[in-house]
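Observations on the model geometry
Now for the letters of each chain:
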Amino acid sequence: MLFNSYPFILLFLPVALVGYFWLGRRSNLTPVIWLALASITFYAIGSWQFVALLLLSIAFNYGVGHLLIVAKLGPAQRKAALALGVVGDLLVLGIFKYAGFAVENINALLGTQVVIHILLPVGISFYTFTQIAFLVDAYRGQVAAYALPHYALFVTYFPHLIAGPILHHKDMIPQFEREDSKHPHAHLILCGIIIFAIGLFKKTCLADGIQPLVALAFEARSPSFDQAWLGALAYTFQLYFDFSGYSDMAIGISLMFGIFLPINFNSPYKATSIVEFWRRWHMTLSQFLRDYLYIPLGGNRRGRVLRYVNLMITMLLGGLWHGAAWTFVVWGALHGAYLCVNHAFNALVPNVPALLARPVRIAGAVLTFFAVVVAWVFFRAESVTWALRVLHAMADPANIVFGREEIAALVQVTVYASLVWLAPNTQDIMGYDHGNRRVGEALPAGRMRPLALSAASLVLAFGILGIQSHSEFIYFRF
């Protein structure tokens, strides 16, 4: 089921909210069970064939986690239990996500004709990573014993289940256990609706609105210089507003239930370096890769060379996490190389003179943005060959069309660029503070309330009117 669909907005969400708060008047546990069942229903409506896999994954990880938390195991047994859990998770993920890719490459190497078709379960990357983090923390002794309904809701919670953010048990389960979140809170519901409206507008009007321009670069056999750049920039902004819209909608929906989700998106194109970009883009994935892959590999503790090796390994695997294709491997390798260059520059030039600080920041922002655009070409293209064709066109200014269609596209891309760099982001507008559980504190007191409500209503109306029959979020594929 899509957040940007009439059945979700007009039926599923209201029913889930009413049931949750009605049961909250009687018990602290039944709303948790209700919300877990609603989340599984949400998943089943779009992917019924994979519900059993999701439930088996929850049972398996909860069982292994229970062994690590409650059972009195020796050190060797604890290691074995952790290995069982992590290997089991990765094995399932590998079969469903990477078996076809592996067979393709074996066929290419050996000239065989083996064919394998396995459907990719929606959200498997997200709920697998979420549970691996849970098992690792349980092994480290950092997890309390949780009841099964709370754990099941932590994994299946529908605002994040399909496309993130990647949740952490320490943040979410205590919120599910709180009694006050089971009662309707008018302010949180209002703020949730406003944030949801902003996210819906970003998705249906901005991301879907610029999507046709992407074809200029990625569907033309021989795009010109201007077409290749306009198509690549259009995809850069489509992905931005698609992911930003989803992140806003997830936070807004969750706020209606009184639950604060972590921020996952913080104006990444305003970054002045690639290191900063990864602190702003898909923030929960970056944290997961840092805490459960980069640091266990050794991080920066074993010298500069191994630090760069660890960065490359982390980003290559991060690229593969997004999809089983060589285009994602190249995308991950590019970002790994960018990060290595960035850290090497910081080591060589630790202090920039104050007079040059501003020009260096501006140059850094421009360079970072164009590096990201080049990498997005691989992320979007159907093959590495196709991506190289687009990049070749982007590097050939002798081949320019610049007709009426290209001029119109340039105007649209310029408007989007202005929004990205000049407009505040949603958390700035709403004062969303995940860590301190605060949001919209300027709304109740000031004269801005009628204006804010009118603006939110307008944005929501445009967002709803912009809904297309079926427009998936890009991150649904991962």
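Residues numbered from 1 in each chain as written. Predicted model: local features only at pLDDT ≥ 70, side-chain atom pairs only at ≥ 80, totals over all residues. Heavy atoms only, no water.

**Some thoughts on the overall build of the protein**
Of the regular secondary structure elements, the protein holds 20 helices and zero strands. The C-alpha radius of gyration computed for the protein amounts to 23 Å, which stays within 12% of the reference 23 Å derived for 478 residues, consistent with globular compactness. Reported as C-alpha extents along the three principal axes, the dimensions of the protein are approximately 70 × 60 × 55 Å. Carbon and sulfur atoms form 68% of the exposed surface of the protein, whose accessible area is close to 21,900 Å². Separation of charge centres in the protein, based on 31 positive and 22 negative side chains, amounts to 8 Å. (Helix = DSSP H or I, 4+ residues; strand = E, 2+ residues; numbered from the N terminus. Rg over C-alpha atoms; globule rule 2.2 N^0.38 Å. Areas by Shrake-Rupley, 256 points an atom, 1.4 Å probe, with all protein chains shown as cover. Lys, Arg positive; Asp, Glu negative; His and termini not counted. Charge placed at Lys NZ, Arg CZ, Asp CG, Glu CD.)

**Concerning a nonpolar patch on the surface**
Together, Phe345, Leu348, Val349, Val352, Leu355, Leu356 and Val360 line one region of the surface with nonpolar side chains, adding up to about 660 Å² of accessible area. Put simply, the parts of the chain that give the nonpolar patch at least two residues each are helix H15 (326-348) and helix H16 (354-380). Mapping Phe345 onto the fold places it in helix H15. (Patch = residues over 30% accessible without salt bridge, like charges linked within 9 Å, V, L, I, M, F, W, Y side chains within 5 Å. Salt bridge = Lys/Arg side-chain N within 4 Å of Asp/Glu carboxyl O.)

**Here's the deal with the pattern of salt bridges**
Applying the stated criterion across every chain yields a total of nine salt bridges. Here Arg438 and Asp433 are joined by a salt bridge, their closest N and O atoms 3.6 Å apart. We classify Arg438 as partly exposed; its relative accessible area is 37%. Relative accessible area serves as the criterion here: at 24%, Asp433 is assigned to the partly exposed category. Arg438 is paired through a salt bridge with Glu441; the nearest N and O atoms lie 3.6 Å apart. You can call Glu441 exposed: its relative accessible area is 54%. Here the residues in one salt-bridge network are Lys203, Asp208 and Asp242, joined through shared partners. (Buried < 20%, exposed > 50% of the residue type's maximum accessible area, 1.4 Å probe, protein only.)

**Things to note about the packing of H16 against helix H17 (residues 384-394)**
Packing of H16 against H17 brings their axes to within 8 Å, and their N-to-C directions diverge by 145°. Between H16 and H17, the residues in contact are Val373, Val374, Val377 and Phe378 and Val384, Ala387, Leu388, Val390, Leu391 and Met394, respectively. The class makeup of the residues in the contact of H16 with H17 is 10 nonpolar, no polar and no charged. (Axes fitted to C-alpha atoms, helices over the stretch in contact; angles between N-to-C directions. Contact = heavy atoms within 4.5 Å. Nonpolar A, V, L, I, M, F, W, Y, C, P; charged D, E, K, R; others polar.)

**Some points on the environment of Ala234**
Mapped onto the fold, Ala234 is located in helix H11 (residues 225-256). For the pair Ala234 and Pro212, spaced 22 residues apart in sequence, the C-alpha to C-alpha distance is 8.5 Å. Apart from residues no more than four positions distant in its own chain, Ala234 is found in contact with Ile210, Leu213 and Val214.

**Focus: the packing of aromatic side chains**
As enumerated under the stated definition, the model contains 48 aromatic pairs in all. Judged by centre distance (5.1 Å) and plane angle (85°), the ring pair of Phe126 and Trp321 falls under edge-to-face. With Phe126 in helix H5 (residues 124-139) and Trp321 in helix H14 (residues 304-322), this residue pair connects regions lying 195 residues apart in the sequence. We note Arg26 situated over the ring of Trp22; from NZ or CZ to the ring centre the distance is 4.1 Å. (Phe/Tyr/Trp six-rings, centres within 6.5 Å; stacked < 30°, edge-to-face > 60°. Lys NZ or Arg CZ within 6 Å of the ring centre and 35° of its normal.)

**Brief notes about H15**
An ideal rise of 1.5 Å per residue puts 33 Å on 23 residues; H15 measures up with 33 Å between its terminal C-alpha atoms. When H15 is considered as a whole, its buried residues turn out to be Thr327, Phe328, Val329, Trp331, Gly332, His335, Gly336, Tyr338, Leu339, Cys340, Asn342 and His343. Residues of H15 that are buried sit in contact with helix H12 (274-280), H14, H16 and H17. (Expected span 1.5 Å × (residues − 1).)

**A short note on unusual backbone geometry**
The backbone phi angle of Ser267 is positive, close to 45°, even though this residue is not glycine. For Ser267, the location among the structural elements is in the loop between H11 and H12. Here Phe402, not a glycine, exhibits a phi torsion of approximately 50°, which is positive. Mapped onto the fold, Phe402 is located in the loop between H17 and helix H18 (404-422). Look at Phe402 and you get partly exposed, because its relative accessible area is 41%.

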